[in-house]
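Residue-level listing of the chains:
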Amino acid sequence: MQNNNDTQWMLWEVFTQEKPGAPFEHAGSLRAPDKELALLNARDVYSRRNEAINIWVVPADAITASTPDDEGPFFDPSNDKAYRHPNFYKTPAGIKQI
Amino acid sequence: MQDTLSKEQAFEDKIARGQVIEPKDWMPERYRKQLIRMMSQHAHSEVVGMLPEGNWITRAPSLERKLVLLAKVQDEAGHGLYIYSATETLGADRKELIDQLLAGKAKYSSIFNYPTTNWADIGAIGWLVDGAAIVNQTALAKCSYGPYSRAMLRICKEENFHNKQGYQIMARMMRGTKQQQEMAQDAMNRWWWPALMMFGPSDKNSPNSEDLMRWKVKLYSNDDLRQRFIDRTVPQAEAIGLTIPDKELKWNDKTRHYEHGEINWEEFNAVISGNGPCNKQRMNQRIKAHEDGKWVRQAAEAYAAKHYN
């Protein structure tokens, strides 16, 4: 069988927002030749049953991600900064609304 | 070497703790290979699975049935896409996977090599074949590989519609004329055993199971899942007056499970090795669909190159 010159189109990542005010979440991936068809395909595949009111499509190779090896050192600096959390601060007895 | 060993140990510990593995995490080559094998077979099954049902879209008995069947077959295409995408996160190339399928080098579920001879078969497929798929996929939704598990969650939601529309077709035929009842029973007789075979070889002869179970790619054995399917399906058949075509089938009050007769493994092996009733026809249809779609893929790409680059 001849499969030369065949194309599977480029890979896109799809993010959907379920309802107004909700964060966008990664829904999955798909193949499409351009952004217009990527959006249409995303609607057809990832919002067939009202799962989304907004969709982002992003070329997969445009995404830069942290690596699992970063888990320690990359995120480490936040661990020794306890003062970023409200429960670091003591409030005088009797004060409730702060 | 030491490094690989400690990585492998860390990986095993992670799985034992119930953590989910993501695409960029280190994983043993065998884990990656087994997943690519399983997931690509699963994706191929979704795509080939459109053929036996697509056969009946133009001949559905009413407009409503036609709409439902069309929606179901569209869902299956989406399922194929989800799983191909999930397989790609393991470094597999989609074009290569599809080429393997079209060259006859890849497996897909043996069930799709049986013919759909009349409308009752569409009921039997939705009810029994999708019913068996749900039991399988509900288990896979809890598997250790993140992208596969997420694809399964999405698919399971949609399969329930497939399962119920199939059962409704069967139920309605069983309330119809004597001839319709006979058609439904005939479809039941032909699809029951192949549906049981969908869970794969018996545990005694399942070569890949041990690693897959430890790695939580599989959470239950083939026989356990088959049993779960039988237990939930027999009462459904009885409720609409269908008879399970297994004389040895009986309820065991002690184990709280149904006991069933021996599966014809010779038939199973013949079908997976290419000698089922429709293997050649399915592959030819699949190749034709792929070839017929080629100009569309190329035209869309040419359009994109002209307008977006």
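As shown above, the structure is provided for reference.
Not measured: the values here are computed from a predicted model. (Residues numbered from 1 in each chain as written. Chains lettered and ligands numbered in written order. Predicted model: local features only at pLDDT ≥ 70, side-chain atom pairs only at ≥ 80, totals over all residues. Heavy atoms only, no water.)

Visitor: Help me understand the overall build of chain B in this model?
Guide: On a plain count of helices and strands, chain B comes out with 13 helices and two strands. Relative to the 2.2 N^0.38 estimate, which gives 19 Å for 309 residues, the radius of gyration of chain B is 21 Å and therefore close to what a compact globule would have. The principal-axis extent of the C-alpha atoms belonging to chain B is close to 70 × 60 × 35 Å. Burial statistics for chain B: of 309 residues in total, 52% are counted as buried. Sequence separation of 24 or more characterises 77% of the internal contacts of chain B that already satisfy a separation of 6 or more. Within the structure as shown, chain B displays about 15000 Å² of accessible surface, and the carbon and sulfur contribution to it stands at 54%. With 43 positive and 39 negative side-chain charges, chain B shows a separation of 3 Å between the mean positions of the two kinds. (Helix = DSSP H or I, 4+ residues; strand = E, 2+ residues; numbered from the N terminus. Rg over C-alpha atoms; globule rule 2.2 N^0.38 Å. Buried < 20%, exposed > 50% of the residue type's maximum accessible area, 1.4 Å probe, protein only. Contact = heavy atoms within 4.5 Å. Areas by Shrake-Rupley, 256 points an atom, 1.4 Å probe, with all protein chains shown as cover. Lys, Arg positive; Asp, Glu negative; His and termini not counted. Charge placed at Lys NZ, Arg CZ, Asp CG, Glu CD.)

Visitor: Quick question: what am I supposed to make of the layout of surface pockets here?
Guide: Over the atoms rolls a probe the size of a water molecule, and its path tells where empty space is left. The volume enclosed by the largest pocket comes to roughly 1300 Å³. Glu13(A), His26(A), Ala27(A), Gly28(A) and Arg150(B) are the residues nearest the centre of the largest pocket, which is lined by 38 residues in total. If you list the elements that add at least two residues to the lining of the largest pocket, you get strand S1 (10-17) and strand S2 (25-32) of chain A together with helix H4 (63-88) and helix H7 (146-174) of chain B. Taken together, the residues of the lining of the largest pocket sort by class into 16 nonpolar, nine polar and 13 charged. (1 Å grid on protein atoms, 1.4 Å probe; cavity = no way out; pocket = protein on both sides within 12 Å on 5 of 7 lines; lining within 4 Å. Points joined across faces, edges and corners; volume = space filled by probe spheres on them. Nonpolar A, V, L, I, M, F, W, Y, C, P; charged D, E, K, R; others polar.)

Visitor: What's the story with the packing of aromatic side chains in this structure? I'm lost.
Guide: The relation between two aromatic rings is expressed through the spacing of the ring centres and the mutual angle of the planes. Applying the stated rule across the entire model yields 15 aromatic pairs over all chains. Between Phe88(A) and Tyr89(A), the aromatic rings sit 4.9 Å apart at their centres with planes inclined by 80 degrees, giving edge-to-face as the arrangement. Exposure remark for Tyr89(A): the relative accessible area of 49% places this residue in the partly exposed category. Members of the aromatic cluster, connected to one another through ring pairs, are Phe11(B), Trp26(B), Tyr31(B) and Trp215(B). The residue whose ring lies beneath Arg154(B) is Tyr82(B), and the NZ or CZ to ring-centre distance is 5.8 Å. Above the plane of the ring of Tyr220(B) lies Arg228(B), whose end atom (NZ or CZ) is 4.3 Å from the centre. (Phe/Tyr/Trp six-rings, centres within 6.5 Å; stacked < 30°, edge-to-face > 60°. Lys NZ or Arg CZ within 6 Å of the ring centre and 35° of its normal.)

Visitor: How should I be thinking about helix H10 (residues 222-239) of chain B in this particular structure?
Guide: Spacing of three or four residues puts side chains on the same side of an α-helix, whose turn is 3.6 residues. Residue and element names in this part refer to chain B. End to end, H10 covers 26 Å across 18 residues, agreeing with the expected 26 Å (1.5 Å per residue, within 8%). Regarding H10, the residues found buried are Asn222, Leu225, Arg226, Gln227, Phe229, Ile230, Asp231, Thr233, Val234 and Ala237. Of the surrounding elements, those touching the buried residues of H10 are helix H6 (119-140), helix H8 (178-197), strand S2 (257-259) and helix H11 (265-275). Glycine 241, located one to two residues past H10, shows a positive phi value of around 85 degrees. (Expected span 1.5 Å × (residues − 1).)

Visitor: Please clarify how the interface of chain B and chain A should be interpreted in this entry.
Guide: Quite often, the size of an interface is put as the accessible area lost when its parts meet. Tallying the contact residues gives 30 residues for chain B and 28 residues for chain A. With both sides pooled, the region where chain B packs onto chain A buries about 2500 Å², and carbon together with sulfur makes up 48% of that total. Between the two partners, chain B and chain A, sit four salt bridges. One salt bridge in this structure joins Arg48(A) and Asp75(B), with 2.8 Å as the shortest N-O distance. On the surface where chain B and chain A come into contact, there are 10 residue pairs in polar contact (both at pLDDT 80 or more). At the level of elements, H4, helix H5 (94-102), H7, helix H12 (279-292) and helix H13 (294-308) of chain B are the ones that each hand at least two residues to the side of chain B that touches chain A. (Buried area = accessible area lost by both parts, 1.4 Å probe. Salt bridge = Lys/Arg side-chain N within 4 Å of Asp/Glu carboxyl O. Polar contact = N/O pair within 3.5 Å; in protein donor to acceptor, adjacent residues only side chain to side chain.)

Visitor: Can you help me understand the sheet that holds S1(A) in this one?
Guide: Strand pairing in a sheet relies on backbone hydrogen bonds. The paired strands run either parallel or antiparallel. Strand order across the open sheet formed by three strands is S2-S1-S3 (chain A), with antiparallel pairing between neighbours. The two strands at the open ends of the sheet, each matched to only one other strand, are S2 and strand S3 (54-59) of chain A. In this sheet, neighbouring strand axes are inclined to one another by 30 degrees on average, regardless of whether the strands run parallel or antiparallel. Sheet analysis places S1(A) next to S2(A), joined by seven bridges and oriented antiparallel. Note on S2(A): the bridge partner recorded for Thr16(A) is Glu25(A). The strands touched by H4(B) are S1 and S2 of chain A; relative to S2(A), the strand with the most contacts, the crossing angle is about 95 degrees. (Pairing = 2+ DSSP bridges. Axes fitted to C-alpha atoms, helices over the stretch in contact; angles between N-to-C directions.)

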